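Residue-level structural notes
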Amino acid sequence: MALTGDLADLPLTDLAHVLAHHTGTLDVERALHGRNLQLILERGRLRALFVDGFNIRDDGRLRDLLRSVAATPSGYWEFHPAPITDALRQVDYALVDLLTHATHTDVPDDHLPHPVTHFVPTFYQDVPQDLRATWTTAAPFLRSGASAETLASDLGMTERDAQRLLYRLRAIGLIQPQRAIHREQHNAAAPASSPGRPAPAANPVARLLGALRRMIGTRA
């Protein structure tokens, strides 16, 4: 079964963790100024890389290309699980290690969660290695729901760093927005109307208009 997504939602560094134990072909469209990439993976190890159909074997260029994709999260991706042949085993790198120094901290503001949006865990257990320590610290606060605003206070970090953390946790499926149920307190406290009788007017203006309508109706 194919997996699909967008690097704007799940950057390559995080995607590498998701695919750490998978074998198949990862196709990335419209990355790096419109280029198309194809990564051949074997249990999370990179065995071949093609850019617009050209085979990339040079170590330096290969690393630069992948880190550029990781640092500029844009492009649509599809992963197709499938066995690979010996002909496709051209290089041998742990994809996660290749991307260890690639960062995507400059996430556009409109991609970051709102400071007061609360998130809760999804109970997804496969936490990436580089997030395990942070997850262990943050998880107790997230269990009852936490926002970037509250998490920043609880963990002693800036609000923007808390937003980036929540962005990463959500991108790899560890958290989801908490769906709050908003209730109108005055509706709950208001007396129910009896059948055939209008509800009490909400304000003096409404009461005056109601009285005028009754007077006009009586004279008619």
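Report follows, based on the coordinates. (Residues numbered from 1 in each chain as written. Predicted model: local features only at pLDDT ≥ 70, side-chain atom pairs only at ≥ 80, totals over all residues. Heavy atoms only, no water.)

**A look at the overall build of the chain**
For the chain, the helix and strand inventory stands at eight helices and nine strands. Looking at the chain as a whole, 36% of its 220 residues qualify as buried. Within the chain, residue pairs in contact and separated by at least 24 positions form 69% of the contacts whose partners lie at least 6 positions apart. (Helix = DSSP H or I, 4+ residues; strand = E, 2+ residues; numbered from the N terminus. Buried < 20%, exposed > 50% of the residue type's maximum accessible area, 1.4 Å probe, protein only. Contact = heavy atoms within 4.5 Å.)

**Structural notes on the pattern of salt bridges**
Summed over the entire model, instances satisfying the criterion amount to seven salt bridges. When the shortest N-O distance is used, the salt bridge between Asp92 and Arg47 registers 3.9 Å. Within this pair, whereas Asp92 is found in the loop between strand E6 (76-81) and strand E7 (93-94), its partner Arg47 is found in strand E4 (residues 45-51), the two being separated by 45 residues in sequence. Among the residues examined, Asp92 registers a relative accessible area of 44% and is labelled partly exposed. Taking relative accessible area as the criterion, Arg47 reaches 14% and is therefore assigned buried. Residue Arg164 pairs with Asp161 through a salt bridge whose shortest N-O separation is 2.7 Å. Of this pair, Arg164 and Asp161 both sit in helix H6 (residues 159-171), three residues apart, which is roughly one turn of the helix. (Salt bridge = Lys/Arg side-chain N within 4 Å of Asp/Glu carboxyl O.)

**Overview of helix H2 (residues 59-71)**
The end-to-end C-alpha distance of H2, which contains 13 residues, comes to 18 Å, matching closely the 18 Å that a straight helix rising 1.5 Å per residue would cover. Taken together, the buried positions of H2 are Leu62, Leu65, Leu66, Val69 and Ala70. The buried residues of H2 occupy one face: seen down the axis, they fall within an arc of 135 degrees. Lining the buried residues of H2 we find helix H1 (12-18), strand E3 (35-42), E4, E7 and helix H3 (95-98). (Expected span 1.5 Å × (residues − 1). Arc of directions from axis to C-beta.)

**Details of the packing of helix H4 (residues 132-142) against helix H5 (residues 148-155)**
Contact pair H4 / H5: the axes reach a minimum separation of 11 Å and the direction vectors enclose 125 degrees. Overall, the two elements H4 and H5 adopt an arrangement that is oblique. Taken as a pair, H4 and H5 cross one another with a handedness that is right-handed. When H4 is examined against H5, the residues Thr137, Ala138 and Phe141 are found in contact with a partner set consisting of Leu151, Asp154 and Leu155. Split by residue class, the contact of H4 with H5 holds four nonpolar, one polar and one charged. (Axes fitted to C-alpha atoms, helices over the stretch in contact; angles between N-to-C directions. Parallel < 35°, antiparallel > 145°, perpendicular 65-115°, else oblique. Left-handed = near helix turned anticlockwise from the far one by under 90°. Nonpolar A, V, L, I, M, F, W, Y, C, P; charged D, E, K, R; others polar.)

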